[in-house]
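Overview (structure and organization)
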Amino acid sequence: MSLETISENRSFGGTQGVYKHRSQATGTDMTFAVYLPEEAQHGRVPVLWYLSGLTCTHENAMTKAGAQEWCAEAGIAIVFPDTSPRGEGVANDDAYDLGQGAGFYVNATQDPWKPHFQMWHYIVHELPELVGDNFAIDRDAMGITGHSMGGHGALTIAMTHPDRYKSVSAFSPITNPSKSDWGRKQLTAYLGSDESLWLPHDSTALMTDKGYPGEVLIDQGSADQFLDLLKPESLAQAMMARRQPGQFRMQPGYDHSYFFVQTFMADHVMWHAERLV
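Positions within a chain are numbered from 1, following the residues in the order the chain's sequence is written. Local features are withheld for residues below a pLDDT of 70 in this predicted model, meaning they are given only at 70 or higher, and side-chain atom pairs are given and counted only at 80 or more; totals for whole chains, interfaces and linings count all residues. The side-chain values count all of the structure's non-hydrogen atoms but skip hydrogen atoms and water molecules.

What about the packing of helix α3 (residues 119–134) against helix α4 (residues 149–160)?
- Orientation is described by axes fitted as lines to C-alpha atoms, over the contacting stretch for helices, and by angles from 0 to 180 degrees between their N-to-C directions. Helix and strand assignments come from DSSP, with helices taken as H or I runs of at least 4 residues and strands as E runs of at least 2, each series counted from the N terminus. In the contact formed by α3 and α4, the axes pass within 12 Å of each other and the chain directions differ by 60°. The angle between the axes of α3 and α4 places the two elements in the oblique class. Taken as a pair, α3 and α4 cross one another with a handedness that is right-handed. Where α3 abuts α4, its residues Trp 120, Ile 123 and Val 124 lie against Thr 156, Ile 157 and Thr 160.
- Partitioned by chemical class, the residues of the contact of α3 with α4 number four nonpolar, two polar and no charged. Note on angle classes: values under 35 degrees are labelled roughly parallel, values over 145 roughly antiparallel, values of 65 to 115 roughly perpendicular, and the remainder oblique. Each crossing is labelled by how the near helix is turned from the far one, with a counterclockwise turn of less than a right angle marking it left-handed and a clockwise turn marking it right-handed. Residue contacts are counted whenever heavy atoms from the two residues lie within 4.5 Å of one another. The nonpolar class holds Ala, Val, Leu, Ile, Met, Phe, Trp, Tyr, Cys and Pro. Asp, Glu, Lys and Arg form the charged class, and all remaining residues, Gly among them, are polar.

Quick look at the packing of aromatic side chains
- Note on ring pairs: Phe, Tyr and Trp rings are taken, using the six-membered ring of Trp, and paired if centres are within 6.5 Å. Classes follow the plane angle, with under 30 degrees stacked, over 60 edge-to-face and the rest tilted. By the definition in use, this model includes eleven aromatic pairs.
- A centroid spacing of 5.6 Å and a plane angle of 20° characterise the contact between Phe 117 and Tyr 190, whose relative ring orientation is stacked. In this pair, Phe 117 is assigned in the loop between β5 (77–80) and α3 and Tyr 190 in helix α5 (residues 184–191), connecting sequence segments 73 residues apart. Each member of the pair, Phe 117 as well as Tyr 190, is classed as buried.
- Ring geometry for Trp 182 and Phe 226: centres 4.8 Å apart, planes at 40°, overall tilted. In this pair, Trp 182 sits in the loop between β7 (165–171) and α5 while Phe 226 sits in the loop between β8 (216–221) and α7 (227–230), placing the two residues 44 residues apart along the sequence.
- Think of it in three bands: with a 1.4 Å probe and only protein chains considered, a residue is buried below 20% of the maximum accessible area for its type, exposed above 50%, and partly exposed in between. You can call Trp 182 buried: its relative accessible area is 4%.
- The partly exposed category is assigned to Phe 226, whose relative accessible area is 26%.
- Taken together, the aromatic side chains of Phe 171, Tyr 254, Phe 260 and Phe 264 make up a single cluster linked through ring pairs.
- Positioned above the aromatic ring of Trp 271 is the side chain of Arg 275, whose terminal nitrogen or guanidinium carbon lies 3.6 Å from the ring centre. Note on criteria: charge over ring means Lys NZ or Arg CZ within 6 Å of the ring centre, with the direction from the centre no more than 35 degrees off the ring normal.

Concerning the pattern of salt bridges
- Take a side-chain nitrogen of Lys or Arg and a carboxyl oxygen of Asp or Glu: if they are within 4 Å of each other, that pair is a salt bridge. Applying the stated criterion across every chain yields a total of nine salt bridges.
- One salt bridge connects Asp 97 with Lys 185, and the closest N-O pair in it is separated by 2.7 Å. Of the two residues, Asp 97 sits in the loop between β5 and α3 while Lys 185 sits in helix α5, which places them 88 residues apart along the sequence.
- For Asp 97, a relative accessible area of 8% puts it in the buried group.
- Residue Lys 185 is classed as partly exposed on the basis of its relative accessible area of 37%.
- Notably, a salt bridge pairs Arg 249 with Asp 219, separated by 2.7 Å at the nearest N-O pair. Of the two residues, Arg 249 is situated in strand β9 (residues 246–251) and Asp 219 in strand β8; the sequence distance between them amounts to 30 residues.

Have a look at this one:
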């Protein structure tokens, strides 16, 4: 697959780049961002995948999360994919939480979403292969994190593919989408009305069923305006029932914004670095 460079900028001794390619998974052009620390000039480095939330593109976390400074310090790369396919001929919805910008990191099986909304395959298979072929990243040392819808994606992907992801964390994830208005609508649209098909994309169900072989780090703001949709108590209870190693931290006074993500980004990057480097 050919890769088009949109921009490259020096950042904390490394390079922040934005790139575009034609995706076989989605059948569309896809844009993503990669930050490479200085160590990548001399060999392959561990990589952290950051999955963004509803309405976001690759750009939100790239410019707002403050990850580059900490990735440079830790000597790891970070990749910011887009949240859905986009463009003419791609199905969409007037609501912000369905369609373009709201792929939910699943492979859609229902029309009109099925032709392009294959985000699980894109994130787990196609994009890592493309990034590994074109950048100095070590595909045997990958971690994954994300915010909100992206936290949902990070947790479900890591628990399904623990052999691929040596570390996992999440910021204010959608933890129980099969029981939430941030989930039931989207999973019905993308996967159909058979709720048993939703469970592989519900981190509470996955935690109950299989858990994660390593430790899990989750940060949630106590003043998050979307707590009733995120349902953090569902995953926290599943972790306790399973005695899952890790930390579920309720951070007092923090909301759902990128100010919250910025505040705890250093903790998350270093958490991954300890497990990847």
